[in-house]
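# Remarks on the overall topology
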Amino acid sequence: FVGQVVAKVGGSSRKINVNDLNALRLQDSQVHGKNLFLAFVAASSTLGPSVEETELQKQAATGSSSLVQGKQEQVCAPLTPPQEEELQELQNSRPGAPSATGGPGSWLRFHFGLFGSIRANEFSRASRANKRGDWKDPIPRLVLYFESGGFLVFYNCRMHWCSSPLADPTSDILSAEFHRGRALDALRTSHPICYTLLDQRYFSGLGNIIKNEVLYLVKIHPLTQGSLLAQSDLEHLLDCAIQFTSNWLQSKLQGKGLHLQIYQKEQCPLGHVVMKGALGPPGGWKRLTWWCPQCQPAVLSGDGDLTLGTE
């Protein structure tokens, strides 16, 4: 996607189409974990605004809730309070945004968190009807239209300007710079192993599905304290996490899906009943976790319990 950008934030009257992203060019992009960074520079074209840009500017003035791109109309509902707060954060960060007069490019960071996503040249649709029987499209957080005719749609993500991509390749298990020793040190603490695997400081980009599948493959109970495992077990766990994540990426690039063995299953491949629970550190996110009590037996502490870590 190279070319002039026309943008709209999902909402009826709050847009960042002229002062922030309109008439800019996408120069570069980088992906780090669950973060996408897009670099923008001022467009060098001296031509007047396009039809789409003019339409956006009119809508910005009138508060219209529709965005016309050719013959397609995308309707966006008013922003919810959390969305308004996030948009205000983005607008408050505009001193770092690229100016319309040129100058160094700035980076717009998208953090996708638990549920964020991005789609190219299509809008997402609900996978099934809701309880009322109708089909409700998710509301985009941002739509970027390009003069080449393509567009990007962002859902459920946080956005803010930054001077450069903030990334630590040593925490990315698919990076050549991945710090294996630091990851093993994190795994051998007294925290439950399922908490540590989702710690983005050591396993950037590793998500809940991978956590569930990897723990089943290595036959480790999710609440097992890392300090109770042998070094060889931790090494095997890390190797499996790296291999599974690599396979996951390759399957996605090929438009395929991996066969999951435990995630959202009622039975494991051996026919055992699967347990499910919301597990997470005190005061932190609780993530749904699936495990097989027979294939993944509990490793008990000295007190004979699955004691949660206190570090």
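These numbers come from a predicted model, not from an experiment. (Residues numbered from 1 in each chain as written. Predicted model: local features only at pLDDT ≥ 70, side-chain atom pairs only at ≥ 80, totals over all residues. Heavy atoms only, no water.)

## Quick look at the packing of aromatic side chains
Inspection of the entire model under this criterion finds six aromatic pairs. Judged by centre distance (6.2 Å) and plane angle (35 degrees), the ring pair of Phe244 and Trp248 falls under tilted. Taken together, the residues span about one helical turn, with Phe244 and Trp248 both in helix H6 (residues 231-253) at a distance of four residues. Judged by its relative accessible area of 22%, Trp248 falls in the partly exposed class. Taken together, a centroid distance of 4.8 Å and an interplanar angle of 65 degrees make the contact between Tyr263 and Trp290 edge-to-face. With Tyr263 in the loop between H6 and strand E11 (275-279) and Trp290 in strand E12 (residues 287-291), the pair connects residues that are 27 residues apart, well separated along the chain. (Phe/Tyr/Trp six-rings, centres within 6.5 Å; stacked < 30°, edge-to-face > 60°. Helix = DSSP H or I, 4+ residues; strand = E, 2+ residues; numbered from the N terminus. Buried < 20%, exposed > 50% of the residue type's maximum accessible area, 1.4 Å probe, protein only.)

## Digging into the side chain of Thr196
Following the sequence through the fold, Thr196 ends up in helix H4 (residues 193-197). Beyond its immediate stretch of four places on either side in the chain, Thr196 contacts Ala186, Leu187, Thr189, His191 and Phe203. (Contact = heavy atoms within 4.5 Å.)

## Some words on the state of the cysteines
With the rule as written, the count across this model stands at zero disulfides. Cys268 takes part in no disulfide bond, and the closest cysteine sulfur, belonging to Cys295, lies 3.8 Å away. Given the relative accessible area of 5%, Cys268 is considered buried. Unpaired in this structure, Cys295 has its nearest cysteine sulfur neighbour in Cys292, at a distance of 3.6 Å. Assessed through its relative accessible area of 10%, Cys295 is described here as buried. (Disulfide = S-S within 2.5 Å.)

## Thoughts on the environment of Leu249
With respect to the helices and strands, Leu249 occurs in helix H6. Residue Leu249 is classed as partly exposed on the basis of its relative accessible area of 37%. When the C-alpha atoms of Leu249 and Leu174 are compared, they prove to be 9.6 Å apart, with 75 residues separating the residues in sequence.

## Here's the deal with the nonpolar core
Formed by 36 residues in total, the largest nonpolar core has its most connected members in Leu187, Ile193, Phe203, Leu206 and Leu237. Put simply, the parts of the chain that give this core at least two residues each are helix H3 (180-187), H4, helix H5 (208-217), H6 and E12. No other element matches the six residues that H6 contributes to this core. With sequence-adjacent residues up to four places away left out, Leu237 is seen in contact with Leu187, Ile193, Leu197, Val214, Leu215, Val218 and Ile220. Core analysis: the next-biggest nonpolar cluster, separate from the first, contains 17 residues, Leu24, Phe110, Leu144 and Cys157 among them. (Core = buried A, V, L, I, M, F, W, Y, C linked by side-chain atoms within 4.5 Å.)

## What about unusual backbone geometry?
The backbone phi angle of Asn121 is positive, close to 65 degrees, even though this residue is not glycine. Tracing the sequence through the fold places Asn121 in the loop between strand E7 (117-120) and strand E8 (142-146). A positive phi angle is found at Asn156, which is not glycine, with a value near 50 degrees. Within the secondary structure, Asn156 is located in the loop between strand E9 (151-155) and strand E10 (158-162).

## Quick notes on H5
With eight of its 10 residues buried, H5 lies for the most part within the structure. Three or more residues of H5 are buried, namely Asn208, Ile210, Lys211, Asn212, Glu213, Val214, Leu215 and Tyr216. At the exit of H5 stands Lys219, carrying a positive phi of roughly 60 degrees.

## Side note on the pattern of salt bridges
Oppositely charged side chains can pair when the atoms bearing their charge come close. One pass over the full model with this rule turns up five salt bridges. Salt-bridge contacts for Glu235 lead to Arg180; the nearest nitrogen and oxygen are separated by 2.7 Å. Residue Glu235 is located in helix H6, and its partner Arg180 is located in helix H3; the two are separated by 55 residues in the primary sequence. Taking relative accessible area as the criterion, Glu235 reaches 26% and is therefore assigned partly exposed. For Asp185, the salt bridge is made with Arg188, and the minimal N-O distance between the two is 2.3 Å. Owing to a relative accessible area of 31%, Arg188 belongs among the partly exposed residues under this scheme. Through salt bridges with shared partners, one network takes in Arg180, Glu235 and Asp239. (Salt bridge = Lys/Arg side-chain N within 4 Å of Asp/Glu carboxyl O.)

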